[in-house]
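# Breakdown of the fold
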Amino acid sequence: MTMTHPRAGDARSYLFNDHTVEGYRRAVAAGSARVAGRVGRTDRPFSGAAPARLAPEIAAIDLERPLHDHAAALDELERVYLRDAVYFHHPRYLAHLNCPVVIPALLGEVVLSAVNSSLDTWDQSAGGTLIERRMVEWTAGRIGFGPAADGVFTSGGTQSNLQALFLAREEARAAGTPLSRLRVITSEAGHFSVRKAAALLGLGPEAVVAVETDAERRMRLDGLARELDRCRRAGLTVMAVAATAGTTDFGSIDPLPEIARLCAAAGVWLHVDAAYGCGLLVSRRRRHLLDGIERADSVTVDFHKSFFQPVSSSALLVRDGAALRHAAHHADYLNPLRMAERGIPNQVDKSLQTTRRFDALKLWLTLRVMGADAVGELFDQVVDLAAEAHAMLAADPRFEVVTRSPLSTLVFRYLPPEGPGRELADDANLYAREALAASGEAVVAGTTVDGRHHLKLTLLNPETTRDDVAYVLDLLAGHAQRHVDDLAPLAGQPEVTHVHS
Ligand SMILES: *Cc1c(COP(=O)(O)O)cnc(C)c1O
């Protein structure tokens, strides 16, 4: 035996290589067995654990004392994570835009993390680069873009929107416009990442103009026309209109064909944020709801929202691939111009990231195993359920529902019966959501509409039934009314209601 550092042999046993494939198989099988066991017996989406309970357990773990054993580490993980995680596969998880995931995509996750390709250059991914390009082409085809289209996978809608606005900004700057004169128009219901992107791109807080929405929470066309006109007269350059196909709160879809027409007339870049609505690209019954998207200059899609893909999986698509040149910078060590001259594909030339996950593989395996129609059918099912749930809410005197979404969200609030309790409605809705989450029976979201607290369901699980929705509505009404009953006797006493308002 050659002399080595006493622990060196041990440490190497953890490396994944040709000597350790058995250990790898056992470790991954043990990990998937734990998750499967947990998922197999979860009877609620959440344990209701509060940060105050979990924080000390996690803080108490001594990171200087490794366990040297996969099973022991998994036992510990059960206690500090798996037991109290929030489970999106559970049919009563109804809160945010998190979907249950499909098994072919999980298979992709196993493969992509172990092979660990990095999608920046050919020499770190080879076929992975070509598979990502096929997935980009396929998505662009579904959007209805022509052969000049291109795009790249990103970490999420936030990054896709940032890159879209970055490209739009560079296009506007090519005309010599100073940053201070650039504007982005979106709607009141647009995603906050548009504002964040504008800030990151060096635009001032006044740069994002939010046009009002109509009763269905879609961008108003007269408002858009007015703002385009106002900017033009003020000598400001609208570098992009960011329309939304599936707003986060209301699932509303801005009128894309008309917006595209206004943008074309004004010579303005149209970005469509379809982070949520992209599931319609594979719907056989509702694809028409995205009509007009093919006229966008750029489109954000989040496969991890409506394609049943695990986080992360998103892409930015552009109608004219030449726009991506703004993201290209050369480094001698990575993507020298010589590579480009030799026609060797480098995705790093199109991306804001350098080292980058092979997320496209999950979508690839999903399409190869299930096919696009099956994904679209799952999305259609949740949209169908949302329509039924809307009808239920509209017929239920306990609740007031805000809009009917063409996608799968429901925004509503509990309305206490006429009487002294009415004025407690706002608090009661807030309380109901928190009490429900603490019980772990179901998880719903909340938002504010016209200054009032509302409850929100985002339906993305085809396994959720009408009965699940009805059950959750009963729980919410119960929690809300209990709050009203507790406080209503005091409602006449200003000093008490003041504390809770
Ligand atoms: C979720 C969402 C985003 C942000 O996407 P992430 O993947 O969470 O970064 C952007 N736009 C809309 C409309 C969204 O719903």
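All figures in this text were calculated on a predicted structure; none of them were measured in a lab. (Residues numbered from 1 in each chain as written. Predicted model: local features only at pLDDT ≥ 70, side-chain atom pairs only at ≥ 80, totals over all residues. Heavy atoms only, no water.)

The biggest cluster of nonpolar side chains holds 62 residues, and the ones touching the most others in it are Val241, Leu270, Val272, Val299 and Phe379. Looking at which domains feed residues into this core, each of domain 2 (106–370) and domain 3 (374–487) gives three or more. The contact partners of leucine 270, leaving out residues within four places of it in the chain, are Val241, Ala243, Ile259, Ala260, Cys263, Arg295, Ala296, Asp297 and Ser298. Core analysis: the second largest hydrophobic core is formed by 29 residues, Leu393, Leu410, Leu459 and Leu476 among them. (Core = buried A, V, L, I, M, F, W, Y, C linked by side-chain atoms within 4.5 Å. Buried < 20%, exposed > 50% of the residue type's maximum accessible area, 1.4 Å probe, protein only. Domains from an automatic or database assignment. Contact = heavy atoms within 4.5 Å.)

To continue, consider the sheet that holds strand β8 (residues 399–401). Across the sheet, 4 strands lie side by side as β8-β9-β11-β10; this open sheet has antiparallel pairing. Edge positions in the sheet fall to β8 and β10 (445–449), since each of these pairs with one other strand and no more. Within this sheet the neighbouring strands show an average axis-to-axis angle of 40°, counted without direction. As paired strands, strand β9 (residues 409–414) and strand β11 (residues 452–458) are joined by 4 bridges and run antiparallel to one another. Along β11, the bridge assignment pairs threonine 409 with threonine 458. Lying on the sheet, helix α14 (residues 372–394) is in contact with β8 and β9; it crosses β9 at an angle near 15°. (Pairing = 2+ DSSP bridges. Helix = DSSP H or I, 4+ residues; strand = E, 2+ residues; numbered from the N terminus. Axes fitted to C-alpha atoms, helices over the stretch in contact; angles between N-to-C directions.)

Mapped onto the present numbering, the UniProt feature "modified residue: N6-(pyridoxal phosphate)lysine" (unreviewed entry) falls at Lys305. With respect to the helices and strands, lysine 305 occurs in helix α11 (residues 303–306). Under the relative-accessibility criterion, lysine 305 is labelled buried at 15%. Excluding anything up to four places from it in sequence, lysine 305 contacts Leu97, Cys99, Ala275 and Leu460. (UniProt positions renumbered as here; feature names shortened; annotations may be inferred.)

Another point: a nonpolar patch on the surface. A contiguous nonpolar patch, built from Val28, Leu107, Val110, Val111 and Val115 and spanning about 390 Å² of accessible area, is present on the exposed surface. With 4 residues, helix α5 (residues 103–115) is the single largest residue contributor to the nonpolar patch. Its place among the elements puts valine 111 in helix α5. Judged by its relative accessible area of 37%, valine 111 falls in the partly exposed class. (Patch = residues over 30% accessible without salt bridge, like charges linked within 9 Å, V, L, I, M, F, W, Y side chains within 5 Å. Areas by Shrake-Rupley, 256 points an atom, 1.4 Å probe, with all protein chains shown as cover. Salt bridge = Lys/Arg side-chain N within 4 Å of Asp/Glu carboxyl O.)

Let's shift gears to the domain arrangement of the chain. One frequent convention defines the size of an interface as the accessible area lost when the parts assemble. Domain annotation of the chain identifies domain 1 (20–88), domain 2 (106–370) and domain 3 (374–487). Centre-to-centre, using C-alpha coordinates, domain 1 lies 32 Å away from domain 3. Contacts between the two partners involve 6 residues from domain 1, matched on the other side by 8 residues from domain 3. Carbon and sulfur atoms supply 50% of the area buried between domain 1 and domain 3, which totals about 460 Å² over both sides. Among the residues domain 1 hides against domain 3, the three largest losses belong to Arg44, Pro45 and Phe46. Together they make up 69% of the total. (Buried area = accessible area lost by both parts, 1.4 Å probe.)

Most of strand β1 (residues 150–154) sits inside the fold, with 5 of its 5 residues counted as buried. Where burial is concerned, the two faces of β1 agree: the one with Asp150, Val152 and Thr154 and the one with Gly151 and Phe153 are both buried. Where β1 lies against strand β7 (residues 314–318), 5 bridges are found, and the strand directions are antiparallel. The partner of glycine 151 across the bridge, within β7, is leucine 317.

Not every one of the 15 residues close to the ligand is listed here, only the nearest: Gly157, Thr158, Asp273, Asp302 and Lys305. Contact between the ligand and threonine 248: an oxygen atom at 2.9 Å from a side-chain N or O atom of the residue. In the model, an oxygen atom of the ligand is placed 2.8 Å from a nitrogen or oxygen of the histidine 304 side chain. Contact with the protein chains hides 85% of the accessible area of the ligand, taken as 380 Å² for the molecule alone. Secondary-structure elements contributing two or more residues to the shell around the ligand are α7 (157–174) and α11. Looking at the shell around the ligand element by element, the count peaks at 3 residues for α7. In terms of residue class, the shell around the ligand is built from 2 nonpolar, 10 polar and 3 charged. (Near = heavy atom within 4 Å. Polar contact = N/O pair within 3.5 Å; in protein donor to acceptor, adjacent residues only side chain to side chain. Nonpolar A, V, L, I, M, F, W, Y, C, P; charged D, E, K, R; others polar.)

Spatially, the 7 strands line up as an open sheet ordered β1-β7-β6-β5-β4-β2-β3, and their pairing is mixed. Strand pairing shows two members of the sheet lacking a second neighbour, β1 and β3 (208–211), which therefore form its edges. Pairs of neighbouring strands in the sheet enclose a mean axial angle of 20°, with direction left out of account. In this sheet, strand β5 (residues 270–274) lies alongside strand β4 (residues 237–244) in parallel orientation, the contact comprising 4 bridges. Opposite alanine 242, over in β5, you have histidine 271 as the bridge partner.

A few words on α5. Helix length check: α5 (13 residues) gives 19 Å between terminal C-alpha atoms against 18 Å at 1.5 Å per residue, within 8%. Turning to α5, the residues buried within the fold contact α13 (360–369). Residue asparagine 116 follows α5 closely and has a positive phi angle near 65°. (Expected span 1.5 Å × (residues − 1).)

Attention now goes to the side chain of threonine 447. Its place among the elements puts threonine 447 in strand β10. Judged by its relative accessible area of 13%, threonine 447 is buried. In terms of polar contacts, threonine 447 uses its side chain to reach the side chain of aspartate 249, at 2.6 Å. Not counting chain neighbours up to four residues away, the residues in contact with threonine 447 comprise Asp249, Val411, Arg452, His453 and His454.

Moving on to the pattern of salt bridges. Following the criterion strictly, the structure yields 41 salt bridges and no others. Residue lysine 305 is joined to aspartate 302 by a salt bridge in which the shortest nitrogen-to-oxygen separation is 3.4 Å. Take lysine 305 and aspartate 302: they sit in the same class, and that class is buried.

One way to put it is that α14 packs onto helix α16 (residues 466–487) with a least axis distance of 10 Å and a crossing angle of 40°. Comparing the axis directions of α14 and α16 gives the class oblique. Helix-helix and strand crossings are classified by hand; for α14 and α16 the assignment is right-handed. In contact with Leu385, Glu388, Ala389, Met392 and Leu393 of α14, α16 contributes Arg466, Val469, Ala470 and Leu473. Residue composition of the contact of α14 with α16, by class: 7 nonpolar, no polar and 2 charged. (Parallel < 35°, antiparallel > 145°, perpendicular 65-115°, else oblique. Left-handed = near helix turned anticlockwise from the far one by under 90°.)

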